[in-house]
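# Examination of the molecular architecture
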Amino acid sequence: MSARRKTSADHRLEEQQGSRPFESPADLEAFFRACDALDGPAREPDWREHLAVIEESRSKGSSGT
């Protein structure tokens, strides 16, 4: 892919994701406030269950990433 096409593709991806770098500590604080306001699970997942899922995935083979 040419550098120009790659730059164009990267730009479109950034626009679709709506992400941009934080420009100040206030931007970072606003980001975390917005994250705190999002609905989430009623409880945190059990860490041991989470680790078991990761280990099971690893034991099935490498994904190549």
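Residues numbered from 1 in each chain as written. Predicted model: local features only at pLDDT ≥ 70, side-chain atom pairs only at ≥ 80, totals over all residues. Heavy atoms only, no water.

Right, let's get into the overall build of the protein. Scanning the protein for helices and strands turns up three helices and zero strands. Listing every helix and strand of the protein by position from the N terminus yields α-α-α. Residues classed as buried in the protein amount to 0% of the 65 residues present. Element-wise, carbon and sulfur atoms account for 54% of the exposed surface of the protein, whose accessible area totals about 6600 Å². (Helix = DSSP H or I, 4+ residues; strand = E, 2+ residues; numbered from the N terminus. Buried < 20%, exposed > 50% of the residue type's maximum accessible area, 1.4 Å probe, protein only. Areas by Shrake-Rupley, 256 points an atom, 1.4 Å probe, with all protein chains shown as cover.)

Once that is clear, we can look at the packing of aromatic side chains. Taken as a whole, this structure holds two aromatic pairs when the rule is applied. A ring pair is formed by Phe31 and Phe32, whose centres lie 5.2 Å apart and whose planes are at 70°; its orientation type is edge-to-face. Note on Phe31: relative accessible area 38%, which makes it partly exposed. Its relative accessible area of 46% is what places Phe32 among the partly exposed residues. Through a chain of ring-to-ring contacts, the aromatic side chains of Phe22, Phe31 and Phe32 assemble into a single cluster. (Phe/Tyr/Trp six-rings, centres within 6.5 Å; stacked < 30°, edge-to-face > 60°.)

Another aspect to go through is the pattern of salt bridges. All told, the structure shown has two salt bridges when counted by the stated rule. Note that Asp27 is salt-bridged to Arg20, the shortest N-O span being 3.6 Å. By relative accessible area, which is 56% here, Arg20 ends up exposed. Here Lys60 and Glu56 are joined by a salt bridge, their closest N and O atoms 3.4 Å apart. Exposure remark for Lys60: the relative accessible area of 66% places this residue in the exposed category. (Salt bridge = Lys/Arg side-chain N within 4 Å of Asp/Glu carboxyl O.)

Together, Phe22, Leu28, Phe31 and Phe32 make up an exposed nonpolar region whose accessible area comes to about 380 Å². Mapped onto the elements of the fold, Leu28 is located in helix 2 (residues 25–37). The class of Leu28 is partly exposed, set by a relative accessible area of 35%. (Patch = residues over 30% accessible without salt bridge, like charges linked within 9 Å, V, L, I, M, F, W, Y side chains within 5 Å.)

Taken residue by residue, the protein gives an average pLDDT of 83. The fraction at 70 or more is 83%. Per-element averaging of pLDDT across the protein places helix 1 (residues 3–17) at the bottom with 72 and helix 2 at the top with 94. (pLDDT = per-residue confidence, 0-100.)

What follows deals with helix 3 (residues 47–59). The end-to-end C-alpha distance of helix 3 is 18 Å, a good match for the 18 Å that 13 residues give at a rise of 1.5 Å each. Here helix 3 starts with a cap whose side-chain oxygen sits 3.2 Å from the backbone nitrogen of Arg48, and that cap is Asp46. (Expected span 1.5 Å × (residues − 1). Polar contact = N/O pair within 3.5 Å; in protein donor to acceptor, adjacent residues only side chain to side chain.)

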